[in-house]
Amino acid sequence: MPEGHVVHRLARELAADLDGRRLSVSSPQGRFTTEAERVDGAVLRRTDAHGKHLFVGLSSDEEIHVHLGMRGKWLRFAPPTGPALPQVRLRLATESVAWDLIAPSRCELLTEEAARALVRELGPDPLRSDADDEAAATALRDAPGAIGAALLDQSVVSGVGNVFRSEALHAVGIAPTRPCRELTTDEARALWAELRRMMAQAVEDGRIVTVDAADRASIPEAEARKVYKQEHCRDCGSAVVTSTVGGRTAYHCPREQPG
Ligand SMILES: [Zn+2]
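Treat the numbers as computed from the prediction; the structure is a model and nothing was measured.

The secondary structure content of the chain amounts to 7 helices and 10 strands. In terms of overall dimensions, the chain is globule-like: its C-alpha atoms have a radius of gyration of 20 Å, near the 18 Å expected for 259 residues. Projected onto its principal axes, the C-alpha coordinates of the chain cover approximately 55 × 40 × 30 Å. Looking at the chain residue by residue over its 259 residues, the buried ones come to 51%. In the chain, the share of contacts with a sequence separation of at least 24, taken over all contacts with a separation of at least 6, comes to 60%. With the model as given, the accessible surface of the chain reaches about 12000 Å², and the carbon-plus-sulfur share is 47%. Counting 33 positive and 38 negative side-chain charges, the chain places the centres of these two groups 3 Å from one another.

Next comes the structure, spelled out in structure tokens:
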């Protein structure tokens, strides 16, 4: 599943192509046709990301809300080479570029008020400069259950998926199974700071690379993380331990992340 860095990068790329432009909006697949017809010809005013949620703000005072879910993706064509594929839920296009949305878990037209209400249900996003660091650290300590589960709970923090939770917990030496209430204030602050650092780096890289590499772009996907889906910890060589936390497989180093 795409984690928050993918969505923030999309918001940036969509804005670079379409900000201030009048959009041709369509739904070749047909499942967004009524909404697309309503906002066809609107001007893109802004794009925004909060966690895994993307918002495309329009001059009609409405927002297109997209969640990619497990399989969703955007395809970019510059210039548009022809009609969109029949499975495209939403096409945002100008004469020079087309962005096609395929297989999202959510694609809907919201009022600005409804979009704000949705965001209020989400926890702080490490990729947002307006996130309150102290409130985020407190939310992590106050969450019920294990820290590995809290990190995947989008109402606690948003944008973190399974790769970031495994790698960030490893970076700060906290086992995913540890109860949130046992974390010290310093540990919670360090974890939040690490999420901010790691996720911002991933936006720049366009992928999640947590190992130290001279050439971050060319390192193979299977070797890019220290514990996530690794047999041995890339820091110390210990056998990586897997456990089910928050309904997903968590990976941690028993030596550097004692339970
Ligand atoms: Zn290790």
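Here the narrative resumes.
Turning next to the coordination of the zinc ion. With distances of 2.0 to 2.3 Å, the protein atoms coordinating the zinc ion are Cys233 (SG), Cys236 (SG), Cys253 (SG) and Glu256 (OE). Coordination at the zinc ion is tetrahedral, judged from the 4 donor atoms that bind it and the angles of 90 to 127° they form at the metal. Sequence spacing of the donors to the zinc ion: C-x2-C-x16-C-x2-E. Taken as a pair, Cys233 in the loop between helix H7 (185–205) and strand S9 (241–245) and Cys253 in the segment after strand S10 (248–252) lie far apart in primary sequence, 20 residues in all. The burial state of Cys233 is the same as that of Cys253; both residues are buried.

Taken in spatial order, the 4 strands line up as S1-S6-S7-S5 in an open sheet, and their pairing is antiparallel. With one partner strand each, in any of the chains shown, strand S1 (24–26) and strand S5 (73–77) form the two edges of the open sheet. When strand polarity is set aside, the average angle formed by the axes of neighbouring strands in this sheet is 15°. Here 5 bridges tie S5 to strand S7 (residues 98–102), and the two strands are oriented antiparallel to one another. In the strand pairing of S7, Phe77 is matched with Ala98. Strands in contact with helix H1 (residues 4–18) are S5, strand S6 (88–93) and S7; relative to S7, the strand with the most contacts, it is inclined by about 145°.

Rules used throughout
- Residues numbered from 1 in each chain as written.
- Predicted model: local features only at pLDDT ≥ 70, side-chain atom pairs only at ≥ 80, totals over all residues.
- Heavy atoms only, no water.
- Helix = DSSP H or I, 4+ residues; strand = E, 2+ residues; numbered from the N terminus.
- Rg over C-alpha atoms; globule rule 2.2 N^0.38 Å.
- Buried < 20%, exposed > 50% of the residue type's maximum accessible area, 1.4 Å probe, protein only.
- Contact = heavy atoms within 4.5 Å.
- Areas by Shrake-Rupley, 256 points an atom, 1.4 Å probe, with all protein chains shown as cover.
- Lys, Arg positive; Asp, Glu negative; His and termini not counted.
- Charge placed at Lys NZ, Arg CZ, Asp CG, Glu CD.
- Donors = N, O, S within 2.8 Å, 3.2 Å for Na, K, Ca; no water.
- Tetrahedral: all angles 85-135°; square planar, octahedral: opposite > 155°, others 65-115°.
- Pairing = 2+ DSSP bridges.
- Axes fitted to C-alpha atoms, helices over the stretch in contact; angles between N-to-C directions.

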